[in-house]
Amino acid sequence: MKILGSEITPYSTYLNRRKFIKGTFATALATTISSNVFANHQASPDIYNKFLGENDTINSYEEITTYNNFYEFGTHKKHPSLNSGNFNPNPWSIKLEGLINNPQTIDLEKLLSKVTVEDRVYRLRCVEAWSMVIPWQGFQLSELIKIADPLSSAKYIQFVTVLRPEEMPGQQKRTIIWPYREGLRMDEAMNSLTILATGLYGHKMPNQNGAPIRLVVPWKYGFKSIKSIVAIRFLNEQPETSWETLAPWEYGFYANVNPSVDHPRWSQSTERRIGEFKRRETLMFNGYEEEVAHLYKDLDMTKFY
Amino acid sequence: MFSTKNFNRSKPYIFLLLLFPSLLWILQFITGNLGVNPIERIMDEFGLMALRLIILTLTITTLANIKKLKSIVLFRRMIGLFAFYYVTLHFSTYIFLDHFLDINFIFKDIIKRPFITFGFISFLCLIPLALTSTNQMVKRLGFKVWKKIHYLIYPAVILSSFHFYMLVRADKTEPMIYMGIIVLLLLQRIAKKLNPLELVR
């Protein structure tokens, strides 16, 4: 199946829309409603229609924010939305370390002033065989990599989630070895589809979705898209990742969406799109084959799942 | 208080109590109040209820060894049949709602995935139990044969607890609790077999 390139929002369109919104509503609303609510487009999902693939419809803000896998706040889908109220993502900083020329701890506000935040409407396919379509706001990970300026020996990137058991009740139980860790190969990280997201539906990132900043890698299973990132390490070898460490026979480092390689406990050939009654066929690389298939030309994906 | 008469009188209420959750979930399903993935949710609820009720029937048998509680055995058949009712709802949800009668896919799923195989065999084990649940059947088969058939509850409860255990991705606390209870109930039966004179109090 062909996926339209138009699913990725050009930055100019984003800017134009911003201007339009600012011009018409901002002055009227800014004084009475907080900036969060102002920026929230959950009541007008139509504005994202032009970025959608032919067969996709956007999921509602409610669906995206009440059905989450974020074990730091509990293992049930509704736990993150119920248990993340005490989590305070302000202020936030990210440590850049490892094989780079500019190791530093960078304040999120400062980072955002250096990068280009834009809309990206992506399908998200969970390893548990459900999926959603989500309007993220974020910037390309490649922009941050440029700031870090990696050495040529840096082949992989590891990401680490914040460790705050007092604010994240799920971390008080040893379900996973905390903190959660994920990783990408350098060429995957540099791919233009890979973003660090800071918002969804125009709203700053809700706690249950990985506030204030998370990875989104749309052609990989959702667990690769690590949330609430506090450290990014540049390494010369493949880092350990949380799910792979926990159950290597079930979850691999690559975790590319692949309908022909099943999870040992269930088939990956179909998925339930949240909000739909019948299952749909799962697409190779979650439908982003054109953009990413070349990364894996020489990889045996039944072995490196 | 624990007399047979009182127990018989309370049967209709227990019947309604056991029926109620299924009606509630079906109503919530129809009205869209089961969250954003209602098919998964209702399947999980039916399945968990079934497992709990199967364990409950075994618990009743154990507790009935206590003289004062002997009469609770009167509830066992009804609870067992309700366990079968919830397993049937669970299985039907999987067949009709989850996979839309895609027999090819379902067949492969049952063969290929141990966790589904376990659940399916457990369901099969429960069918003869439900079919032979009437007094008439006990008479027709003779108590000895009937009792032998009903030993199928043991593979059923063990397999369904594994079915649940394997489904959970992380934090296996809840399935472990059920497995712990099952082990205790089985140990009690073994102990009783080995020493039939001394009943467990």
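Residues numbered from 1 in each chain as written. Chains lettered and ligands numbered in written order. Predicted model: local features only at pLDDT ≥ 70, side-chain atom pairs only at ≥ 80, totals over all residues.

Right, let's get into the overall build of chain B. When its secondary structure is counted, chain B shows 9 helices and 0 strands. Helices and strands in chain B line up, N terminus first, as α-α-α-α-α-α-α-α-α. Against the compact-globule benchmark of 17 Å for 201 residues, chain B has a radius of gyration of 18 Å, which places it among compact chains. The C-alpha extent of chain B, read off along each of the three principal axes, is 50 × 40 × 35 Å. The proportion of buried residues among the 201 residues of chain B is 22%. Restricting to contacts in chain B with at least 6 residues of sequence separation, those with at least 24 account for 64%. (Helix = DSSP H or I, 4+ residues; strand = E, 2+ residues; numbered from the N terminus. Rg over C-alpha atoms; globule rule 2.2 N^0.38 Å. Buried ≥ 20, exposed ≤ 12 C-beta atoms within 10 Å, placed from the backbone. Contact = placed C-beta atoms within 7 Å.)

Take the overall build of chain A next. Counting its secondary structure elements, chain A contains 9 helices and 12 strands. Per-residue burial for chain A yields a buried fraction of 43% across its 305 residues. Sequence separation of 24 or more characterises 70% of the internal contacts of chain A that already satisfy a separation of 6 or more.

As a further point, take the interface of chain B and chain A. With 11 residues of chain B in contact, the opposing surface of chain A contributes 18 residues. The class makeup of the residues in the side of chain B that touches chain A is 6 nonpolar, 2 polar and 3 charged. (Nonpolar A, V, L, I, M, F, W, Y, C, P; charged D, E, K, R; others polar.)

Glancing now at the nonpolar core. Counting 65 residues, the largest nonpolar core has Ile134(A), Leu196(A) and Ile229(A) as its most contacted members. The element best represented in this core is strand β4 (residues 130-140) of chain A, accounting for 6 residues. Apart from the residues lying within four places of it in its own chain, the contact partners of Leu196(A) are Gly138(A), Phe139(A), Leu141(A), Leu144(A), Ile213(A) and Leu215(A). Within the second largest apolar cluster, 28 residues are counted, among which are Ile79(B), Phe82(B), Val87(B) and Phe123(B). (Core = buried A, V, L, I, M, F, W, Y, C linked by C-beta atoms within 7 Å.)

Residue and element names in this part refer to chain A. The sheet contact formed by strand β1 (residues 93-98) and strand β2 (residues 104-107) spans 4 bridges and is antiparallel. When the sheet's bridge partners are listed, Ser-93 is paired in β2 with Asp-107. The loop that links β1 with its antiparallel partner β2 comprises 5 residues. (Pairing = 2+ DSSP bridges.)

A word on helix α5 (residues 114-131) of chain B. Residues and elements named next belong to chain B. For α5, with 18 residues, the first-to-last C-alpha span of 26 Å sits near the 26 Å given by 1.5 Å per residue. Turning to α5, its buried residues number three or more, namely Ile-116, Phe-118, Gly-119, Ser-122, Phe-123, Cys-125, Leu-126 and Leu-129. Residues of α5 that are buried make contact with α3 (76-98), α4 (103-112), α7 (143-150) and α8 (153-167). (Expected span 1.5 Å × (residues − 1).)

Below, the discussion takes up the sheet that holds β1(A). Whether parallel or antiparallel, the strands of a sheet pair through hydrogen bonds between backbone atoms. Residue and element names in this part refer to chain A. With mixed pairing, 5 strands are arranged side by side in an open sheet as β2-β1-β10-β5-β6. What marks the edges here is a single partner per strand, and that holds for β2 and β6 (181-185). Each adjacent strand pair in this sheet contributes to an overall mean axis angle of 20 degrees, direction not counted. (Axes fitted to C-alpha atoms, helices over the stretch in contact; angles between N-to-C directions.)

A few words on the packing of helix α2 (residues 38-63) of chain B against helix α9 (residues 173-194) of chain B. All names here are of chain B. Orientation of α2 relative to α9, taken along the N-to-C sense of each, is 30 degrees, at an axis distance of 10 Å. Judged by the inter-axis angle, α2 sits roughly parallel to α9. You can see that α2 and α9 cross each other, and the crossing is left-handed. Between α2 and α9, the residues in contact are Leu-51, Ile-55, Leu-58, Thr-59 and Thr-62 and Tyr-178, Ile-181, Ile-182, Leu-185 and Gln-188, respectively. Considered class by class, the residues forming the contact of α2 with α9 number 7 nonpolar, 3 polar and no charged. (Parallel < 35°, antiparallel > 145°, perpendicular 65-115°, else oblique. Left-handed = near helix turned anticlockwise from the far one by under 90°.)

Residue and element names in this part refer to chain B. Relative to the assigned elements, Gly-80 resides in helix α3. The spacing of Gly-80 and Ile-153 is 73 residues in sequence and 9.6 Å in space, taken between C-alpha atoms. Residues in contact with Gly-80, not counting those within four places in the same chain, are Thr-57, Leu-129 and Ser-133.

What follows concerns the packing of helix α1 (residues 4-31) of chain B against α3(B). Residue and element names in this part refer to chain B. Direction vectors running N to C along α1 and α3 enclose 15 degrees, while the axes themselves pass 11 Å from each other. As the angle between them shows, α1 and α3 are arranged roughly parallel. Note on packing geometry: the crossing formed by α1 with α3 is right-handed. Each of Lys-11, Ile-14, Phe-15, Leu-18 and Ser-22 in α1 lies in contact with α3, whose residues at this interface are Met-78, Ile-79, Phe-82, Tyr-86 and Leu-89. Within the contact of α1 with α3, the residues separate by chemical class into 8 nonpolar, 1 polar and 1 charged.

Turning our attention to the confidence of the model for chain B. Taken over all residues, the pLDDT of chain B has a mean of 93, while the share at 70 or more is 96%. Across the whole predicted complex the pTM is 0.85, and at the interface the ipTM reaches 0.84. (pLDDT = per-residue confidence, 0-100.)

All names here are of chain A. Position of Ala-43 relative to the elements: it lies in the loop between α2 (35-39) and α3 (61-66). Looking at Ala-43, the number of C-beta atoms within 10 Å reads 9, which means it is exposed. In this structure, the C-alpha to C-alpha distance between Ala-43 and Tyr-156, residues 113 residues apart in sequence, is 40 Å.

Now for the environment of Pro128(B). Residues and elements named next belong to chain B. Mapped onto the elements, Pro-128 comes out in helix α5. Residue classification places Pro-128 among the partly exposed positions, given that 13 C-beta atoms sit within 10 Å. As for Pro-128 and Leu-152, which are separated by 24 residues in sequence, their C-alpha atoms are 8.5 Å apart. In this view, Pro-128 contacts Ile-149 and Leu-152; residues no more than four positions away in its chain are not counted.

This next bit is on the pairing of β1(A). When β1(A) meets strand β10 (residues 229-235) of chain A, the two strands line up parallel, connected through 4 bridges. Within β10(A), the position partnered with Gly98(A) by the bridge is Phe234(A).

A word on unusual backbone geometry. Residues and elements named next belong to chain A. Following Trp-178, the chain continues into Pro-179 via a peptide bond in cis, with omega recorded as -5 degrees. Each neighbour pair has its own omega, and for Ala-211 with Pro-212 the value is -5 degrees, a cis peptide bond. Take Pro-212: it is sitting in the loop between β8 (203-204) and β9 (214-216). Even without being a glycine, Ser-228 presents a positive backbone phi close to 45 degrees. You can see Ser-228 is positioned in the loop between β9 and β10.

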